[in-house]
Amino acid sequence: MIHKGIVVLGVLVGAGIGVLLAPEKGKVTRDTLKREGKKVKDQITEDFKEVKADLSKSAKSGKAKFKEETKDFASKASYKTEKAITFLEKQLAILKEKNRTLQQTS
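Residues numbered from 1 in each chain as written. Predicted model: local features only at pLDDT ≥ 70, side-chain atom pairs only at ≥ 80, totals over all residues. Heavy atoms only, no water.

**Brief notes about the overall build of the protein**
How we decide: Working definition: helices are DSSP H or I runs of at least four residues, strands are E runs of at least two. Numbering for both runs from the N terminus. Each residue is assigned to one of three classes by its accessible area relative to the maximum for its type, calculated with a 1.4 Å probe on protein chains only: buried under 20%, partly exposed between the two thresholds, exposed over 50%. Per-residue and other accessible areas were derived by the Shrake-Rupley procedure at a 1.4 Å probe size, with only the shown protein chains allowed to occlude residues.
A count of helices and strands for the protein gives 2 helices and 0 strands. Across the 106 residues of the protein, 7% fall into the buried class. In the structure as shown, the protein presents an accessible area of about 9400 Å², 65% of it carried by carbon and sulfur atoms.

**Side note on the pattern of salt bridges**
Keep this limit in mind: Salt-bridge detection follows one rule: a side-chain nitrogen of Lys or Arg within 4 Å of a carboxyl oxygen of Asp or Glu.
Counted according to the given criterion, the structure contains 1 salt bridge. For the salt bridge of Glu97 with Arg100, the shortest nitrogen-to-oxygen distance reads 2.8 Å. Highlighted residues: Glu97 and Arg100, both in helix H2 (residues 26–105), separated by 3 residues, approximately one helical turn. Given a relative accessible area of 42%, Arg100 falls into the partly exposed group.

Here is the structure:
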(Lines give C-alpha, C1' and ligand atoms only; values in the text may rest on other atoms or scores of the structure.)
Protein backbone atom coordinates (compact mmCIF):
# COMPACT_ATOMS: atom_id res chain seq x y z
CA MET A 1 0.00 0.00 0.00
CA ILE A 2 2.77 2.45 0.92
CA HIS A 3 4.86 1.59 -2.12
CA LYS A 4 1.87 2.24 -4.36
CA GLY A 5 1.37 5.67 -2.80
CA ILE A 6 5.05 6.56 -3.23
CA VAL A 7 4.97 5.58 -6.90
CA VAL A 8 1.80 7.59 -7.51
CA LEU A 9 3.25 10.58 -5.69
CA GLY A 10 6.49 10.33 -7.69
CA VAL A 11 4.62 10.18 -11.00
CA LEU A 12 2.45 13.13 -10.08
CA VAL A 13 5.38 15.24 -8.86
CA GLY A 14 7.21 14.45 -12.10
CA ALA A 15 4.14 15.39 -14.14
CA GLY A 16 3.78 18.62 -12.15
CA ILE A 17 7.41 19.58 -12.79
CA GLY A 18 6.98 18.75 -16.47
CA VAL A 19 3.90 20.96 -16.65
CA LEU A 20 5.67 23.83 -14.90
CA LEU A 21 8.64 23.64 -17.27
CA ALA A 22 6.51 23.25 -20.41
CA PRO A 23 6.21 26.36 -22.57
CA GLU A 24 2.40 26.70 -22.35
CA LYS A 25 0.09 29.59 -21.52
CA GLY A 26 -0.73 30.21 -17.87
CA LYS A 27 -4.36 29.04 -18.18
CA VAL A 28 -3.35 25.78 -19.83
CA THR A 29 -0.77 25.20 -17.12
CA ARG A 30 -3.32 25.95 -14.36
CA ASP A 31 -5.89 23.64 -15.95
CA THR A 32 -3.29 20.89 -16.22
CA LEU A 33 -2.27 21.38 -12.58
CA LYS A 34 -5.95 21.21 -11.52
CA ARG A 35 -6.40 17.94 -13.41
CA GLU A 36 -3.23 16.50 -11.91
CA GLY A 37 -4.27 17.71 -8.46
CA LYS A 38 -7.64 16.01 -8.85
CA LYS A 39 -5.87 12.78 -9.85
CA VAL A 40 -3.70 13.01 -6.74
CA LYS A 41 -6.74 13.64 -4.55
CA ASP A 42 -8.66 10.77 -6.11
CA GLN A 43 -5.73 8.39 -5.72
CA ILE A 44 -5.16 9.37 -2.10
CA THR A 45 -8.88 8.98 -1.39
CA GLU A 46 -8.86 5.53 -2.97
CA ASP A 47 -5.74 4.51 -1.02
CA PHE A 48 -7.32 5.62 2.26
CA LYS A 49 -10.50 3.70 1.43
CA GLU A 50 -8.40 0.56 0.94
CA VAL A 51 -6.58 1.14 4.22
CA LYS A 52 -9.88 1.73 6.01
CA ALA A 53 -11.31 -1.49 4.55
CA ASP A 54 -8.20 -3.42 5.63
CA LEU A 55 -8.44 -2.00 9.16
CA SER A 56 -12.12 -2.84 9.30
CA LYS A 57 -11.40 -6.44 8.26
CA SER A 58 -8.67 -6.68 10.88
CA ALA A 59 -10.96 -5.31 13.57
CA LYS A 60 -13.73 -7.76 12.67
CA SER A 61 -11.25 -10.61 12.58
CA GLY A 62 -9.88 -9.56 15.97
CA LYS A 63 -13.38 -9.32 17.38
CA ALA A 64 -14.26 -12.80 16.14
CA LYS A 65 -11.01 -14.19 17.52
CA PHE A 66 -11.69 -12.49 20.86
CA LYS A 67 -15.17 -14.04 21.00
CA GLU A 68 -13.77 -17.48 20.22
CA GLU A 69 -11.05 -17.14 22.86
CA THR A 70 -13.65 -15.97 25.38
CA LYS A 71 -15.80 -19.01 24.59
CA ASP A 72 -12.77 -21.29 25.00
CA PHE A 73 -11.90 -19.61 28.28
CA ALA A 74 -15.46 -19.99 29.56
CA SER A 75 -15.43 -23.66 28.60
CA LYS A 76 -12.10 -24.26 30.36
CA ALA A 77 -13.24 -22.29 33.41
CA SER A 78 -16.43 -24.32 33.57
CA TYR A 79 -14.44 -27.57 33.38
CA LYS A 80 -12.06 -26.40 36.12
CA THR A 81 -15.00 -25.31 38.28
CA GLU A 82 -16.63 -28.72 37.86
CA LYS A 83 -13.35 -30.36 38.85
CA ALA A 84 -13.09 -28.15 41.94
CA ILE A 85 -16.69 -28.93 42.95
CA THR A 86 -16.03 -32.66 42.57
CA PHE A 87 -12.91 -32.35 44.74
CA LEU A 88 -14.83 -30.39 47.38
CA GLU A 89 -17.64 -32.96 47.35
CA LYS A 90 -15.12 -35.77 47.95
CA GLN A 91 -13.51 -33.83 50.79
CA LEU A 92 -16.95 -33.15 52.28
CA ALA A 93 -17.79 -36.85 52.08
CA ILE A 94 -14.53 -37.67 53.92
CA LEU A 95 -15.31 -35.08 56.60
CA LYS A 96 -18.85 -36.44 57.01
CA GLU A 97 -17.48 -39.95 57.44
CA LYS A 98 -14.97 -38.76 60.05
CA ASN A 99 -17.73 -36.87 61.82
CA ARG A 100 -19.97 -39.96 61.82
CA THR A 101 -17.12 -42.02 63.26
CA LEU A 102 -16.60 -39.42 66.00
CA GLN A 103 -20.31 -39.38 66.82
CA GLN A 104 -20.37 -43.18 67.21
CA THR A 105 -17.39 -43.22 69.56
CA SER A 106 -18.79 -40.51 71.80
